[in-house]
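Structure assessment
Below, each chain spelled out in residue letters.
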Amino acid sequence: MGAHWSDACILNISSRGLMIQASRAAPEGSVIELWKGDYVIVARVVWRKGVRAGLRSEERVPVEEIMSLAQSPGLQLTATNDRPLYERRKRARTHEDNRLRARMMEFASVALIGAFFAGSAYSLVEQALARPLAAVRTALGN
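Here's a quick rundown of the structure. No experiment lies behind these values; they were computed from the predicted model shown.

About the cut-offs
- Residues numbered from 1 in each chain as written.
- Predicted model: local features only at pLDDT ≥ 70, side-chain atom pairs only at ≥ 80, totals over all residues.
- Heavy atoms only, no water.
- Helix = DSSP H or I, 4+ residues; strand = E, 2+ residues; numbered from the N terminus.
- Buried < 20%, exposed > 50% of the residue type's maximum accessible area, 1.4 Å probe, protein only.
- Contact = heavy atoms within 4.5 Å.
- Areas by Shrake-Rupley, 256 points an atom, 1.4 Å probe, with all protein chains shown as cover.
- Patch = residues over 30% accessible without salt bridge, like charges linked within 9 Å, V, L, I, M, F, W, Y side chains within 5 Å.
- Salt bridge = Lys/Arg side-chain N within 4 Å of Asp/Glu carboxyl O.
- Lys, Arg positive; Asp, Glu negative; His and termini not counted.
- Charge placed at Lys NZ, Arg CZ, Asp CG, Glu CD.
- Expected span 1.5 Å × (residues − 1).
- Bend = angle between axes of the 7 residues up to and from the residue.
- Phe/Tyr/Trp six-rings, centres within 6.5 Å; stacked < 30°, edge-to-face > 60°.
- Core = buried A, V, L, I, M, F, W, Y, C linked by side-chain atoms within 4.5 Å.

What about the overall build of the protein chain?
Each helix and strand in the protein chain was counted, giving two helices and six strands. Shown N-terminal to C-terminal, the secondary structure of the protein chain runs as helices and strands in the order β-β-β-β-β-α-β-α. When burial is assessed residue by residue, the protein chain has 25% of its 142 residues classed as buried. Contacts in the protein chain between residues at least 24 apart in sequence constitute 60% of all its contacts with a sequence separation of at least 6. Accessible surface, the protein chain: about 10100 Å² in total, of which carbon and sulfur atoms supply 58%.

Things to note about a nonpolar patch on the surface
A cluster of nonpolar side chains, contributed by Ile 113, Phe 116 and Phe 117, occupies part of the molecular surface with about 350 Å² of accessible area. As for its placement among the helices and strands, Phe 117 is situated in helix H2 (residues 95-140).

As for a positive patch on the surface
Together, Arg 16, Arg 56, Arg 60, Arg 93 and Arg 101 make up a region of like positive charge exposed at the surface. With respect to the helices, strands and loops of the structure, Arg 101 is situated in helix H2. Overall, the relative accessible area of 44% leaves Arg 101 in the partly exposed class.

Topic: the pattern of salt bridges
Opposite charge on two side chains makes pairing possible when the charged atoms of those side chains draw close. Enumeration over the complete set of coordinates arrives at one salt bridge. Arg 99 is the salt-bridge partner of Glu 96, the closest N and O atoms lying 2.7 Å from each other. Taken together, the positions of Glu 96 and Arg 99, both in helix H2 and three residues apart, correspond to about one turn of that helix. Classification of Glu 96 by relative accessible area gives partly exposed; the value is 38%.

Digging into H2
In this model H2 runs 65 Å from its N-terminal to its C-terminal C-alpha over 46 residues, within 8% of the 68 Å that 1.5 Å per residue would give. Along H2, the helix axis deviates most sharply at Ala 130, where the bend reaches about 40°; the proline Pro 132 sits within four residues downstream. At the C-terminal side of H2, Gly 141 shows a positive phi close to 85°.

Some points on the packing of aromatic side chains
On inspection of all chains with the given rule, the structure shows one aromatic pair. On the basis of an interplanar angle of 65° and a centroid distance of 5.5 Å, the ring pair of Phe 116 and Phe 117 is categorised as edge-to-face.

Notes on the environment of Val 46
With respect to the helices, strands and loops of the structure, Val 46 is situated in strand S4 (residues 39-49). Among residues more than four places away in sequence, those in contact with Val 46 are Glu 28, Gly 54, Leu 55 and Arg 56.

Topic: the nonpolar core
Core analysis: the largest hydrophobic core is formed by 16 residues, its most contacted members being Leu 18, Ile 20, Leu 34 and Leu 55. When residues of this core are traced back to their parent elements, those giving at least two are strand S1 (4-13), strand S2 (17-22), strand S3 (31-36), S4, strand S5 (52-57) and helix H1 (63-68). Sequence-distant contacts of Leu 18, defined by excluding residues within four places in its chain, comprise Ile 10, Asn 12, Ile 13, Leu 34, Ile 41, Ala 53, Gly 54, Leu 55 and Val 61.

Pasting the structure below:
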């Protein structure tokens with residue numbers, strides 16, 4: 001299926017999705033690009049009923065910024081089935097990226113906890129040896 005352009009009206013908006021009304025609604029599963037001012041929202045059609053469609057975006061939708069542009073005319077809409085959802089992103093988020101990020105956070109947490117316990121152990125040993133070492137220094141006359 002080729003891409004097509006159409007005007008659309010945002011009926012409802014949230015941080016992860018929108019409900020739109022367009023004269024040429026795209027089929028479920030299609031990728032939609034909504035252009036509003038300087039903003040481009042890439043979303044997938046998750047449901048469709050007549051000329052209305054529910055869209056889910058992987059990125060956070062800039063709700064306040066979009067609402068501030070409410071006086072401007074309708075959105076430009078394009079739909080296609082042959083392009084991946086992540087094509088417009090600078091870098092796609094993958095499961096492997098998320099797994100590595102979680103492992104780095106886990107390592108940093110363990111390192112911080114280890115440093116805390118090492119510092120505590122040092123402090124306890126220093127306190128435990130302070131009195132005997134002071135007695136040895138006094139006995140040696142230093």
